[in-house]
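Observations on the model geometry
Next come the chains, spelled out residue by residue.
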Amino acid sequence: MSTTTERGVENHAHHRAIDKAQYGMAGFLLLAGGWVLVDAVGLEDGFADQPVQPYTLPYVVGAGLVLLGVLLGIATARGDRPEAEEGEDIDLTQGTDLRTVGLLAAVLVANIALIDVLGWAITGALLFAGAAAVLGSRTWVRDIAVGAALSVGSFYGFYVGLGIPIPAGILDGVL
Amino acid sequence: MDLLLDGFATALTPENLLFAAIGVLLGTAVGVLPGIGPAMTLALLLPVTYSVGADSAIIMFAGIYYGGMYGGSTTSILLNTPGESSSVITAIEGNKMAKAGRAAQALATAAIGSFVAGSIATVLLWIVTPQVADLVVTLGSPSYFALMVLALFAVTAVLGSSRLRGFVALFLGLAIGLVGTSTGQARLTFGDPLLADGIDIVVVAVAIFAIGEALWVAAHLRRKPLEIIPVGQPWMSKQDWKRSWKPWLRGTAYGFPFGALPAGGAELPTFLSYATEKKLSKHPEEFGKGAIEGVAGPEAANNASAAGTLVPLLALGLPTTATAAIILVALQGYGFQTGPTLMDQHPELVWALLASLFVANALLLLINLPLAPLWAKLLRIPRPYLYAGILFFASLGAYSVNFQAFDLALLLVLGVLGFTMRRFGIPVLPLIIGVILGPKLEEQLTTALKISQGDVTTLWSEPVAVAVYAVMGLLLLAMAVTGLRAPKDESPEATSEEKELVER
């Protein structure tokens, strides 16, 4: 008797803890669906030979996203919890380390901002070294060396092996 | 038959053999890295194949495909956790075997079993694919439209644990597929001419698979390194062979048909194979402690099912697994119109692929068995380098599509979406399939309605279409019935629990 009760309490706790962040996901779906619908309203009738209007599918998709957002919101309120993805290097017992994710995103943004000016051969190396540092590597010199080897190597790999010149940026003429 | 021989003639030229060998090596090396499954391996290596000519690229790609699959199972056996759902079962017994000091035998039965299953399944492909394709070309747009809807529906609703989340992924994918000016008007482009051609599917795939995964792992990186089991040269004793060969064949028999169905997937056949082997085994007591049958059967089923998914892919242009989705992207990247006409218009290409699958499979066994100890060393790669490397190659892959910084920005945005999806347990496969099939769905619908001059009833005017909708209706009904039953079972329990709590 006592065991069943205990299990019941456990189930209860499990069911009642609401994953509030999931409301955010539901909200995102509403927004995305809303945007698809607004965009669809702005579309005009297609040509005479277009039996499927350009806005037909957007209306379906937008409405679907809105509906799913509402359903996910309801499911969340009723205690539905997501099964986060597992993997070889993943330890789900700890909380989500958003700082690392933010820093990695910053490294990627820096790459986007600099690639046209500096070229892949430089930003690629910085991308690798920066990401490795964020992920806990403490050997700066080696990280940059490995990154440079990868980026310059991939530059020449594409150029020599595949015949595709990657834009060289600031190193134009040097590489 | 002539076509098959031509295919082999293409695949066996020294140059193409070299490409196949490079593909196998690259595929295994990347696939064996922890956190990288076959689909991500293919997505990351796709740009490499782009500029070596369609024949060679396809052959190299077949090598990468089998190499990536084999690398994935090596990881699951030597590390404790599987990289993806299809190798969950392999990991159960395989890792137990490895811990009991039988890693070499586990790897051997997985590799040889994959070879056996892959070979048989490839021969089945040679027989089945042309017949299905012959059948399919006689179908009209309405039937083809119905089949696409079925594939989308099946991938979304039948596979995966949460249907709601499956549909969330599907509709996000369909929305991404809307972007562009394919209908003559700019849809969801935010007025940006760079989005006029739509979002390149390579960027979507690399972002969702690689960037999303790397960010997700980074947020949960295991601080304590996993225990890695040392491995010597894979080999099997006579006893092991005796216990393995029947499970290989039975696994193949389960895997291929499931893979070939439009609602395919490797989870179900690997699970069925495991259950069967457990029942038929003379050593049932070993199951759960490292039974070789429990590795041999599911691994064969996994490989046979992967080959089976090529039937709907090549004959219909319908991908049903993440890996198949990337293969479709690759074929489109090489400039081929995928769909029911592929086999008619490019028989030489399809047969070169089918022949090179066989070649790649054989090369895999020759190259990888001796190299297994080396591959196992790759598991020790420092994690900062591994995930920094994934970000590096993902960025390179996305950048190489057009050499625009804009694609890298898209990559980041979609990568964050991939991260969020992993956080909320939303499967990525329906999204990718939605992006690929969404535009095709619209195209087929347009073709069908053009022929009927706008009469909507044309959609159910063909017997095949009617049959497909009937199947979908049955699936829906079955889902509704189980869905209705489940809450009923739960709710009385919940109320009684509440009562108990109150009474206490």
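Given the structure is predicted, the values throughout are model-derived calculations rather than measurements.

Scanning chain A from terminus to terminus reveals six helices and zero strands. Order of helices (α) and strands (β) in chain A, N terminus to C terminus: α-α-α-α-α-α. Taking 2.2 N^0.38 as the reference for a compact globule, 175 residues should give roughly 16 Å; the C-alpha atoms of chain A span a radius of gyration of 25 Å, well beyond that estimate. In chain A, buried positions account for 33% of the 175 residues. Counting contacts in chain A only where the partners sit at least 6 residues apart, residues at least 24 apart contribute 63% of the total.

Of regular secondary structure, chain B possesses 19 helices and zero strands. Whereas a compact globule of 504 residues would reach a radius of gyration of roughly 23 Å, chain B reaches 23 Å, a difference of no more than 12%. Projected onto its principal axes, the C-alpha positions of chain B cover 80 × 70 × 45 Å. Taking all 504 residues of chain B together, the buried fraction comes to 60%. Considering only residue pairs separated by 6 or more positions, chain B has 80% of its internal contacts joining residues 24 or more positions apart.

Quick look at the interface of chain B and chain A now. Of the residues lining the interface, 61 residues belong to chain B; the matching set on chain A comes to 69 residues. If one sorts the elements of the side of chain B that touches chain A by residue count, helix H16 (residues 383–402) of chain B sits on top with eleven residues. Considering only residue class, the side of chain B that touches chain A consists of 36 nonpolar, 16 polar and nine charged.

Here the focus is the packing of helix H1 (residues 2–11) of chain B against helix H15 (residues 347–378) of chain B. Residues and elements named next belong to chain B. For the pair H1 and H15, the least separation of the axes is 7 Å and the interaxial angle reads 65°. Looking at the two axes, H1 sits roughly perpendicular to H15. With respect to the hand of their crossing, H1 and H15 are arranged in right-handed fashion. Between H1, through Leu 3, Leu 4, Asp 6, Gly 7, Phe 8, Thr 10 and Ala 11, and H15, the contact on the second element is made entirely by Pro 347, Glu 348, Trp 351, Ala 352, Leu 354, Ala 355, Ser 356 and Val 359. Taken together, the residues that form the contact of H1 with H15 break down as ten nonpolar, three polar and two charged.

Another aspect to go through is unusual backbone geometry. All names here are of chain B. Even without being glycine, Leu 188 reaches a positive phi, approximately 55°. One can find Leu 188 in the loop between helix H7 (163–178) and helix H8 (201–219). On the basis of neighbour counts, which here come to 22 C-beta atoms within 10 Å, the residue Leu 188 falls in the buried class.

Any two packed helices are characterised by how steeply their axes cross, that is the angle between the axes, and by the distance between the axes. Residues and elements named next belong to chain A. Where helix H4 (residues 98–118) meets helix H5 (residues 120–134), the closest approach of the two axes is 9 Å, and the angle between their N-to-C directions is 170°. Considering their axes alone, H4 and H5 lie roughly antiparallel with respect to each other. Between H4 and H5, the contacting residues are Thr 100, Leu 103, Leu 104, Val 107, Asn 111, Leu 114, Ile 115 and Leu 118 on the first element and Trp 120, Ile 122, Thr 123, Leu 127, Gly 130, Ala 131 and Val 134 on the second. A breakdown of the residues in the contact of H4 with H5 according to their chemical character gives eleven nonpolar, four polar and no charged.

Bringing the environment of Tyr 334 of chain B into the picture now. Residues and elements named next belong to chain B. For Tyr 334, the position within the fold is in the loop between helix H13 (322–333) and helix H14 (342–345). Separated by 285 residues in the primary sequence, Tyr 334 and Thr 49 have C-alpha atoms spaced 9.1 Å apart. The contact partners of Tyr 334, leaving out residues within four places of it in the chain, are Ala 54, Ala 57 and Ile 58.

Once that is clear, we can look at the nonpolar core. Ranked by internal contacts, the top residues of the largest apolar core, which has 219 residues, are Val 206 and Ile 432 of chain B. The element contributing the most residues to this core is helix H5 (residues 88–137) of chain B, with 22 residues.

This brings us to the confidence of the model for chain B. Residue and element names in this part refer to chain B. Across chain B, the average pLDDT comes to 84, with 92% of residues at or above 70. Low pLDDT, under 50, characterises residues 487–504; the stretch is placed with five contacts to residues that sit more than four places away or in other chains. On the interface metric, ipTM, the complex scores 0.88, and its pTM is 0.85.

Turning to the environment of Gln 185 of chain B, a few remarks are in order. Considering the arrangement of structural elements, one finds Gln 185 of chain B in the loop between H7 and H8. Of the residues examined, Gln 185 of chain B has 17 C-beta atoms within 10 Å and is grouped as partly exposed. It is 62 Å that separates the C-alpha atoms of Gln 185 of chain B and Met 236 of chain B, two residues lying 51 residues apart in sequence. Those residues in contact with Gln 185 of chain B that lie beyond four places of it in its chain are Leu 43, Glu 44 and Pro 54 of chain A.

Criteria and thresholds
- Throughout this document, residue positions are counted from 1 along each chain, in the order its sequence is written.
- In the order they appear in the text, chains get letters beginning with A and ligands get numbers beginning with 1.
- Where totals are concerned, whole chains, interfaces and linings use all residues; where local detail is concerned, this predicted model gives features only for residues with pLDDT of at least 70, and gives and counts side-chain atom pairs only at 80 or more.
- A run of H or I in DSSP becomes a helix once it reaches four residues, and a run of E becomes a strand once it reaches two; helices and strands are each numbered from the N terminus.
- The globule rule is 2.2 Å times the number of residues to the power 0.38, and the radius of gyration it is compared with is taken over C-alpha atoms.
- Residue burial here comes from a neighbour count, namely the number of other C-beta atoms, placed from the backbone, that lie within 10 Å of the residue's own C-beta, with 20 or more meaning buried, 12 or fewer meaning exposed, and in between meaning partly exposed.
- In this description, a residue-residue contact is defined by the distance between C-beta atoms placed from the backbone, which must lie within 7 Å.
- Throughout, the ten residues Ala, Val, Leu, Ile, Met, Phe, Trp, Tyr, Cys and Pro are labelled nonpolar, Asp, Glu, Lys and Arg are labelled charged, and all others, Gly among them, are labelled polar.
- Axis angles are defined between N-to-C directions and span 0 to 180 degrees, where every axis is a line fitted to C-alpha atoms and, for a helix, only to the segment in contact.
- Should an angle fall under 35 degrees it is called roughly parallel, over 145 degrees roughly antiparallel, and 65 to 115 degrees roughly perpendicular, with every other angle called oblique.
- Note on convention: the crossing is left-handed when the near helix lies turned anticlockwise from the far helix by less than a right angle, right-handed when the turn is clockwise.
- A set of buried residues qualifies as a nonpolar core if it consists of Ala, Val, Leu, Ile, Met, Phe, Trp, Tyr and Cys joined through C-beta atoms within 7 Å.
- One confidence number per residue, pLDDT, is output by the predictor and ranges from 0 to 100.

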